[in-house]
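Descriptive structure summary
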Amino acid sequence: MNDTLKLMHQHRSIRSFQDQTISAATLDAILDAAYKGPTSINGQQVSLVVTQDAARRAQIAEIAGGQPWIAQAPVFLTVVIDFYKTEQALAKAGKTQLIHESVEGFAVGAVDAGIALGNLMTAARSAGLGVVPIGGIRRHPQAIIDLLQLPAKTFPIAGLALGHIQHDSPLKPRLPRASFVHHEQYQSADLRQHIDAYDETLAQFWQSIGRDDGKIWSENTAQVYQSIYFPEVAPTAMAQGFKFSA
Ligand SMILES: Cc1cc2nc3c(=O)[nH]c(=O)nc-3n(C[C@H](O)[C@H](O)[C@H](O)COP(=O)(O)O)c2cc1C
């Protein structure tokens, strides 16, 4: 197996970082891994905001609901859906942008942002660094918009904390692979058994690492998904000029 595959198969989120900066050359190489990634229609509707200032990182940690690893990591990257940039292109072409007023537009931006996030993670980990993606910035997106001075038609969709690893994390088991990889057609017949098996696997995993507070997958997912857990997303996105029409 090649080194890239080995690295990707060993993914785990890191939430403990050393008090050590990332060299400018390494950081630039990581940023370029996202910059050079693909985007839908080559629209390049993604931007990154790099936060290294300690006070700002502490503010982001609070906005994200009190996540100390954001303040601890030397670098925080915010991945931004960016239809402000494309709007300038349309203005130059004498047209009015409509895409950001549709679910399709938000889907396009979110997919491209996800690709950027994945590239950043793989690049950072290949440089020996630890990473944790952060969706918690959507808890109070307006506060992130204000802090980072994001213009209209942009939205901070996710972030990434990265730095030198202090304490490594164990590999978290996943649902059985057969519930993830479907050959030719979606296989729903055995899903309940897969969930039962995974609940057991995860209970054993939490026990093996001494986490009494660890929940089984069905309970944890239910706790989060029984409500819209970041309800400020839609109103904030609409205040930024997005709409969610057909
Ligand atoms: C888009 C996205 C957002 C996430 N947001 C957070 C977050 O706000 N805080 C956090 O500690 N972990 C966050 N995570 C990490 C997940 O909790 C983690 O990936 C998952 O539990 C699996 O564990 P692993 O990454 O160690 O394999 C996020 C992951 C993704 C992909």
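An unreviewed UniProt entry lists the protein under the name NADPH-dependent oxidoreductase, from Chitinibacter mangrovi. Taken verbatim from the UniProt record of the protein, the Sequence similarities (unreviewed entry) comment is "Belongs to the flavin oxidoreductase frp family."

Describing the sheet that holds strand β4 (residues 154-163)
Spatial ordering of the open sheet is given by β1-β2-β4-β3, a layout of 4 strands whose pairing is antiparallel. Across the chains shown, the open sheet's two edge strands, defined by having one partner strand only, are β1 (46-51) and β3 (130-134). Here the average twist between neighbouring strands, direction ignored, is 25°. In this structure, β1 lies alongside strand β2 (residues 75-82), joined through 6 bridges in antiparallel fashion. Opposite Val49, over in β2, you have Thr78 as the bridge partner. Contacts from helix α5 (residues 83-92) reach β1, β2 and β4 within the one sheet, and its direction differs from that of β2 by about 40°.

What to know about the site of the ligand
As a structural note, the neighbourhood of the ligand is formed by 14 residues, with Arg12, Ser13, Pro133, Gly135 and Gly136 the closest of them. Here the shell around the ligand gets 3 residues from one element, more than from any other, and that element is β3. Its residues assigned to classes, the shell around the ligand comprises 5 nonpolar, 6 polar and 3 charged.

Scoring rules and cut-offs
- Residues numbered from 1 in each chain as written.
- Predicted model: local features only at pLDDT ≥ 70, side-chain atom pairs only at ≥ 80, totals over all residues.
- UniProt positions renumbered as here; feature names shortened; annotations may be inferred.
- Pairing = 2+ DSSP bridges.
- Helix = DSSP H or I, 4+ residues; strand = E, 2+ residues; numbered from the N terminus.
- Axes fitted to C-alpha atoms, helices over the stretch in contact; angles between N-to-C directions.
- Contact = placed C-beta atoms within 7 Å.
- Near = placed C-beta within 6 Å.
- Nonpolar A, V, L, I, M, F, W, Y, C, P; charged D, E, K, R; others polar.

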